[in-house]
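As a plain string of letters, each chain reads:
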Amino acid sequence: MYIILLRFSENKGLASDHMDGHRAWLKQGFATGMFLLAGTLKPGIGGGILAVAGSLNAVSEFVDQDPFVVANVVTAEILEMEPARADERLNFLLT
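As the structure is a computational prediction, the values presented were derived from the model and not from experiment.

A. How the structure looks around the environment of Val63. For Val63, the position within the fold is in helix α2 (residues 56–63). Taking relative accessible area as the criterion, Val63 reaches 1% and is therefore assigned buried. In this structure the C-alpha to C-alpha distance between Val63 and Met1, which are 62 residues apart in sequence, comes to 14 Å.

Here it is in structure tokens:
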């Protein structure tokens with residue numbers, strides 16, 4: 001499991017220029033089953049995504065295609081996490 005942090009960079013002002021592409025990228029991530037959850041990091045510092053994939057390399061390659069990443073609107077950090085415990089509502093996330 002992966003936690004993707006997309007933090008706004010000095011080019012945050014270009015976000016509106018790339019928003020349609022970023023939304024399409026998010027839609028593709030959900031359609032392929034890689035993304036489980038996405039949302040805004042408060043207070044307005046970027047976004048976060050919970051993802052599953054076969055490898056860190058697969059996640060990295062997909063994140064590198066995000067128009068926000070390509071245009072340096074955000075910087076991406078990918079954290080790999082091995083779930084060990086969950087609330088029963090999230091047991092499906094345990095490996």
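B. Representation of the sheet that holds strand β3 (residues 46–51) in the model. Pairing is antiparallel across the open sheet formed by 4 strands, whose spatial order is β2-β3-β1-β4. Since the sheet does not close on itself, it has two edges, and those belong to β2 (35–41) and β4 (74–80), each with one partner. With strand direction ignored, the average angle separating the axes of adjacent strands in the sheet is 15°. Bridge count between β2 and β3: 6 bridges; the pairing is antiparallel. Its bridge partner lying in β3, Ala38 is registered against Ile49. Along the sheet, helix α1 (residues 15–31) makes contact with β1 (2–8), β2 and β3, crossing β2 at roughly 155°. Sheet strands in contact with α2 are β1, β2 and β4, and its direction is about 165° off that of β4.

C. Focus on the pattern of salt bridges. Applying the stated criterion across every chain, the model contains 2 salt bridges. As a salt-bridge pair, Arg7 and Glu77 come within 3.1 Å of each other at their nearest N and O atoms. Here Glu77 lies in strand β4 and Arg7 lies in strand β1, a separation of 70 residues in the sequence. By relative accessible area, Glu77 is classed as partly exposed at 34%. Between Arg89 and Asp87 there is a salt bridge, with its nearest N and O atoms 2.9 Å apart. The class for Asp87 is partly exposed, based on a relative accessible area of 38%.

Calculation criteria
Residues numbered from 1 in each chain as written. Predicted model: local features only at pLDDT ≥ 70, side-chain atom pairs only at ≥ 80, totals over all residues. Heavy atoms only, no water. Helix = DSSP H or I, 4+ residues; strand = E, 2+ residues; numbered from the N terminus. Buried < 20%, exposed > 50% of the residue type's maximum accessible area, 1.4 Å probe, protein only. Pairing = 2+ DSSP bridges. Axes fitted to C-alpha atoms, helices over the stretch in contact; angles between N-to-C directions. Contact = heavy atoms within 4.5 Å. Salt bridge = Lys/Arg side-chain N within 4 Å of Asp/Glu carboxyl O.

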